[in-house]
Amino acid sequence: MLQFEKINTVLVIGGGVMGPGIALSYARGGYTVRLADISETALETSKRAIEGHLETMAEVGEIETEGKAQISERVSYLADIKKAAEGVGFIAEAITERKDAKKALYEHLDTFLPEEAIIASNTSFLNIFELMPARRQPYAVISHWYDPPHIIPLVEVVRGPETEECVMAITAQMLERCKKVALRMEKFTPGFFVNLVQKALGDVANYLVDNDFCTPEQFDVAIKSSVYPRGVVLGYFQKADFSGIHTYGTVVMENGAEDAAKTLMGHYHRGEYGVRAGKGFFDYTGRDIDGIFKERDRRLYEVMKIAMENINNKL
Ligand SMILES: NC(=O)c1ccc[n+]([C@@H]2O[C@H](COP(=O)([O-])OP(=O)(O)OC[C@H]3O[C@@H](n4cnc5c(N)ncnc54)[C@H](O)[C@@H]3O)[C@@H](O)[C@H]2O)c1
């Protein structure tokens, strides 16, 4: 029987852009981590990357300087995947985003992994459940990290058609132990949640630049001085509550797009226009409405100050 408490070692497979940060996050969470890659060069680069990340973490006060060695010692680097997998109950797969490579790896792992080992793939868009051997399906899950994985809190945890509930729960619990925000998705869709948002934004960005509406620099300044920092405080749906769902609903109707915004239009038709109405996507009943707006403004000033520092002081 799979149990969260019994998993102490994590095998991360793939030491490219994502693997080292994922390995570091589990090591920070107290896990013993083995990082495996078929390329010796990738293993060397991964070690250097992890040591570099630890330096920065200590510099910015994320960890105590004395804690660096302790975290670093929890990670070992191996080219022999079978050896690296000995006694491991949780595998974080972060190899090349290619169907054939992932399928071959899962088939190889299937020849020696214990039956109940969880395989958590970091795939960005692939339906890995179609690539897993049938008997691995109950223990297959996607745990999708964002770059840089040792810094960005969100990790999406995506269920496959046969994934056991305990696999979803353990994967999320392990991430929470690493201080990550685990967002459960109960069914697979390519791109999951945030990659779909990024794709929509990317499509607009590419369209605007390709057709000479703006330069890449103008686009980046525009979003960094508006929707990105505002989103830190309000997200998307709460922003609608603050700005007024009566306006959002009107725009949707003007565009004849009601079928594409059913939840929003439900609030609109019920007169749930947002904060000022006491209810919108969220419930503000009985709250001090002026006070909520004041608090929103206070937090926006705080975040915008950091945003403007970044805009005026480019990387
Ligand atoms: N780069 C990103 O921003 C990002 C973000 C989220 C998710 N992802 C996903 O994470 C995964 C890894 O992405 P990446 O950008 O780190 O890739 P990468 O190309 O930088 O690194 C992949 C690593 O996997 C190794 N590898 C390939 N086949 C292997 C095998 N059979 N066994 C062991 N190691 C093997 C390669 O040697 C390489 O070091 C992909 O599925 C990708 O879609 C990437």
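These figures come from a predicted structure and were not determined experimentally.

1. Describing the domain arrangement of the protein
Frequently, the measure chosen for interface size is the accessible area that the parts lose on association.
For step 1, the next point in the chain: For the protein, the assigned domains read domain 1 (4-185) and domain 2 (199-312).
For step 2, the next point in the chain: Distance from the C-alpha centre of domain 1 to the C-alpha centre of domain 2: 34 Å.

2. Describing the pairing of strand E6 (residues 140-145)
For step 1, the next point in the chain: In terms of residue burial, E6 counts as a mostly covered element, since six of its six residues are buried.
For step 2, the next point in the chain: In E6, alternate side chains face the same way, and those of Ala140, Ile142 and His144 on one face and Val141, Ser143 and Trp145 on the other are all buried.
For step 3, the next point in the chain: Note that strand E5 (residues 118-121) and E6 share three bridges and pair parallel. For Ala120, the partnering residue across the bridge sits in E6 and is Val141.

3. Notes on the packing of helix H11 (residues 245-254) against helix H12 (residues 262-269)
For step 1, the next point in the chain: Their axes nearest at 9 Å, the elements H11 and H12 cross at an angle of 120°. As summarised for this structure, H11 and H12 are arranged oblique, according to the angle between their axes. The two elements H11 and H12 meet at a crossing, and its hand is left-handed. Residue-level contacts link Ile245, His246, Tyr248, Gly249 and Val252 of H11 to Leu264, Met265, His267 and Tyr268 of H12.

4. Points about the packing of helix H9 (residues 227-234) against helix H13 (residues 289-312)
For step 1, the next point in the chain: Look at H9 against H13: their axes get within 9 Å of each other, and the N-to-C directions meet at 140°. In this view, H9 runs oblique relative to H13, as classed from their interaxial angle. In this structure, H9 meets H13 at a crossing whose hand is right-handed. From H9, Pro229, Arg230, Val232 and Val233 reach across to H13, where they touch Arg296, Arg299, Leu300, Val303, Met304 and Ala307.
For step 2, the next point in the chain: Split into classes, the residues belonging to the contact of H9 with H13 amount to seven nonpolar, no polar and three charged.

5. Topic: the pairing of strand E7 (residues 154-159)
On a regular strand, each side chain points to the face opposite its neighbour's, so the side chains alternate between the two faces of the sheet.
For step 1, the next point in the chain: The buried count for E7 comes to five of six residues, which makes it a mostly enclosed element.
For step 2, the next point in the chain: Summarising the sheet, E6 and E7 pair through five bridges and their orientation is antiparallel. Looking at the pairing, Trp145 lines up with Val155 of E7.
For step 3, the next point in the chain: Across five bridges, E7 lies against strand E8 (residues 181-185) in parallel orientation. Across the sheet, residue Glu156 finds its bridge partner in E8, namely Leu183.
For step 4, the next point in the chain: For the crossover from E7 across helix H6 (residues 165-177) to E8, the handedness is right-handed.

6. Some words on the environment of His108
For step 1, the next point in the chain: Counting through the fold element by element, His108 comes out in helix H5 (residues 99-110).
For step 2, the next point in the chain: Distance in space between the C-alpha atoms of His108 and Lys82 is 9.0 Å, their sequence separation being 26 residues.

7. A word on the sheet that holds strand E1 (residues 9-13)
For step 1, the next point in the chain: Taken in spatial order, the eight strands line up as E3-E2-E1-E4-E5-E6-E7-E8 in an open sheet, and their pairing is mixed. With one partner strand each, in any of the chains shown, strand E3 (75-78) and E8 form the two edges of the open sheet. Shown here is a sheet whose adjacent strand axes are inclined to one another by a mean of 25°, direction ignored.

8. A short note on unusual backbone geometry
Outside of glycine, negative phi angles account for most residues, and trans bonds account for most peptide bonds.
For step 1, the next point in the chain: Residue Pro148 follows Asp147 across a cis peptide bond; omega there is -5°.
For step 2, the next point in the chain: Structurally, the position occupied by Pro148 is in the loop between E6 and E7.
For step 3, the next point in the chain: A positive phi angle, close to 65°, is found at Lys179, a residue other than glycine.
For step 4, the next point in the chain: Within the secondary structure, Lys179 sits in the loop between H6 and E8.

9. A word on H13
For step 1, the next point in the chain: For H13, spanning 24 residues, the distance from its first C-alpha to its last is 34 Å, which sits close to the expected 34 Å at 1.5 Å a residue.
For step 2, the next point in the chain: Of all the 24 residues making up H13, zero are buried; the element is thus mostly uncovered.

Scoring rules and cut-offs
Residues numbered from 1 in each chain as written. Predicted model: local features only at pLDDT ≥ 70, side-chain atom pairs only at ≥ 80, totals over all residues. Domains from an automatic or database assignment. Buried ≥ 20, exposed ≤ 12 C-beta atoms within 10 Å, placed from the backbone. Helix = DSSP H or I, 4+ residues; strand = E, 2+ residues; numbered from the N terminus. Pairing = 2+ DSSP bridges. Axes fitted to C-alpha atoms, helices over the stretch in contact; angles between N-to-C directions. Parallel < 35°, antiparallel > 145°, perpendicular 65-115°, else oblique. Left-handed = near helix turned anticlockwise from the far one by under 90°. Contact = placed C-beta atoms within 7 Å. Nonpolar A, V, L, I, M, F, W, Y, C, P; charged D, E, K, R; others polar. Right-handed = clockwise from strand over helix to strand, strands pointing away. Expected span 1.5 Å × (residues − 1).

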